[in-house]
Amino acid sequence: MVESIARVRHIRITPQKARRVVDLIRGKNAQEALAILKFAPQAASEPIFKLVASGIANARVKADKENLRLNEDELVIARAFVDEGATLKRFRPRAQGRAFRINKRTSHITVVLQTADELAAAKKGA
């Protein structure tokens, strides 16, 4: 029925830290994932919360466009992954005139939402 994708690119969170949060919500119901992210202590949980909420809104818009009925409680996070983005390279002065490089890493985060029956049909077909 409805599959929606939400992406955020070049976000200033290291991929390793973002993956810790994304692993918490992968495969969960979308509303349950929002509740988990709301109370997760990690800094990455706030932008991922916004991303999941955006995915739900994208599904609502797509369902309205196709004249389909959408129950938001049936949406499941089918896939969620974090890719490494561009790295900002900065330099700090160190002892004896040396320069020390600091890498400020960025992430590309993608969340794919599907309805539960669509997810089951995809698994059955695969």
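Above this note sits the structure.
Here the structure is a predicted model, which is why all the values come from computation and not from measurement.

Some thoughts on the overall build of the protein
Phase 1: Counting its regular elements, the protein contains four helices and three strands.
Phase 2: Overall, the protein shows an N-to-C arrangement of helices and strands of β-α-α-α-β-β-α.
Phase 3: For 126 residues, the compact-globule estimate of 2.2 N^0.38 gives 14 Å, and the C-alpha radius of gyration of the protein, at 18 Å, exceeds that figure by more than 25%.
Phase 4: Based on the C-alpha atoms only, the size of the protein along its principal axes is roughly 65 × 30 × 25 Å.
Phase 5: A buried classification covers 33% of the 126 residues belonging to the protein.
Phase 6: Contacts in the protein between residues far apart in sequence, at least 24 positions, make up 72% of those at least 6 positions apart.
Phase 7: Looking at the protein as shown, the accessible area adds up to about 8100 Å², and 51% of this sits on carbon and sulfur atoms.
Phase 8: Of the charged side chains in the protein, 25 are positive and 13 negative; the average position of the first set lies 16 Å away from that of the second.

Let's talk about the nonpolar core
Phase 1: Counting residues in each nonpolar core, the largest one holds 26 residues, and the members touching the most others are Ile25, Ile48, Val52, Ile56, Ile77, Ile109 and Val111.
Phase 2: Among the elements of the structure, strand S1 (3-11), helix H1 (15-25), helix H2 (30-39), helix H3 (45-65), strand S2 (75-93) and strand S3 (99-115) are those that each provide at least two residues to this core.
Phase 3: Here this core gets six residues from one element, more than from any other, and that element is H3.
Phase 4: Those residues in contact with Ile56 that sit more than four places away from it in its chain are Ala30, Gln31, Leu34, Glu72, Leu75 and Leu113.

So, the side chain of His108
Phase 1: You can see His108 is positioned in strand S3.
Phase 2: Residue contacts for His108: discarding those within four places in its chain leaves Val8, Arg9, His10, Phe81, Val82, Asp83, Glu84 and Gly85.

Re the packing of aromatic side chains
Phase 1: Tallied over the full model, the rule gives zero aromatic pairs.
Phase 2: A cation over a ring is seen here: Arg94 above Phe100, with NZ or CZ 4.9 Å from the ring centre.

Side note on the side chain of Ser107
Phase 1: Relative to the helices and strands, Ser107 resides in strand S3.
Phase 2: There is a polar contact of 2.5 Å between the side chain of Ser107 and the backbone oxygen of Ile13.

What about the packing of H2 against H3?
Phase 1: Where H2 contacts H3, the axes come no closer than 9 Å and their chain directions differ by 160°. Taken together, the axis directions place H2 and H3 in an arrangement best described as roughly antiparallel. Crossing of H2 over H3 shows left-handed handedness. Between H2 and H3, the contacting residues are Ala30, Gln31, Leu34, Leu37 and Lys38 on the first element and Ser45, Ile48, Phe49, Val52, Ala53 and Ile56 on the second.
Phase 2: Tallied by class, the residues present in the contact of H2 with H3 amount to eight nonpolar, two polar and one charged.

As for the pattern of salt bridges
Phase 1: Under the counting rule described, the total for this entry stands at four salt bridges.
Phase 2: A salt bridge links Arg79 to Glu3, with the nearest nitrogen and oxygen atoms 4.0 Å apart. One end of the pair, Arg79, is in strand S2; the other, Glu3, is in strand S1, with 76 residues separating them in the sequence.
Phase 3: With a closest N to O distance of 2.8 Å, Arg26 and Asp23 form a salt bridge.
Phase 4: On the accessibility criterion, Asp23 (46% relative accessible area) is partly exposed.

Cut-offs and rules
- Throughout this document, residue positions are counted from 1 along each chain, in the order its sequence is written.
- Predicted model: local features are reported for residues with pLDDT of at least 70 only, side-chain atom pairs are reported and counted for 80 or more only, and whole-chain, interface and lining totals are derived from all residues.
- Just so you know, side-chain values use all the structure's heavy atoms and leave hydrogens and water out.
- Each helix corresponds to a stretch of at least 4 residues labelled H or I by DSSP, and each strand to a stretch of at least 2 residues labelled E; elements are numbered beginning at the N terminus.
- Throughout, radius of gyration means the C-alpha value; the globule benchmark is 2.2 Å times the number of residues raised to the power 0.38.
- For each residue, the accessible area found with a 1.4 Å probe, counting protein chains only, is set against the maximum for its type, and the residue is called buried under 20%, exposed over 50%, and partly exposed in between.
- Only heavy atoms enter the contact rule, under which two residues are in contact if any of them lie within 4.5 Å.
- Under the convention used here, a 1.4 Å probe and the Shrake-Rupley method define accessible areas, while residue burial counts only the protein chains that appear.
- Under the convention used here, Asp and Glu are negative, Lys and Arg are positive, and both His and the chain ends fall outside the count.
- By convention, charge coordinates are those of NZ in Lys, CZ in Arg, CG in Asp, or CD in Glu.
- The definition of a nonpolar core used throughout is a set of buried Ala, Val, Leu, Ile, Met, Phe, Trp, Tyr and Cys residues joined through side-chain atoms within 4.5 Å.
- In summary, the pairing rule links any two rings of Phe, Tyr or Trp, Trp by its six-membered ring, whose centres are within 6.5 Å, and it sorts them by plane angle into stacked for under 30 degrees, edge-to-face for over 60 and tilted for everything else.
- Any Lys NZ or Arg CZ found within 6 Å of a ring centre and within 35 degrees of that ring's normal is scored as a charge over the ring.
- What qualifies as a polar contact is a pair of N or O atoms within 3.5 Å, subject to a donor-acceptor requirement within protein and to the restriction that residues adjacent in sequence count only when both atoms come from side chains.
- Helix axes are fitted only over the stretch in contact, all axes being lines through C-alpha atoms; the angle between N-to-C directions runs from 0 to 180 degrees.
- By definition in this entry, angles of less than 35 degrees are roughly parallel, angles greater than 145 are roughly antiparallel, angles of 65 to 115 are roughly perpendicular, and the rest are oblique.
- Handedness of a crossing is defined here by the sense of rotation of the near helix relative to the far one, left-handed for an anticlockwise turn of less than a right angle and right-handed for a clockwise turn.
- All amino acids are sorted into three groups, where Ala, Val, Leu, Ile, Met, Phe, Trp, Tyr, Cys and Pro are nonpolar, Asp, Glu, Lys and Arg are charged, and the leftover types, Gly among them, are polar.
- For this document, the term salt bridge refers to a Lys or Arg side-chain nitrogen within 4 Å of an Asp or Glu carboxyl oxygen.

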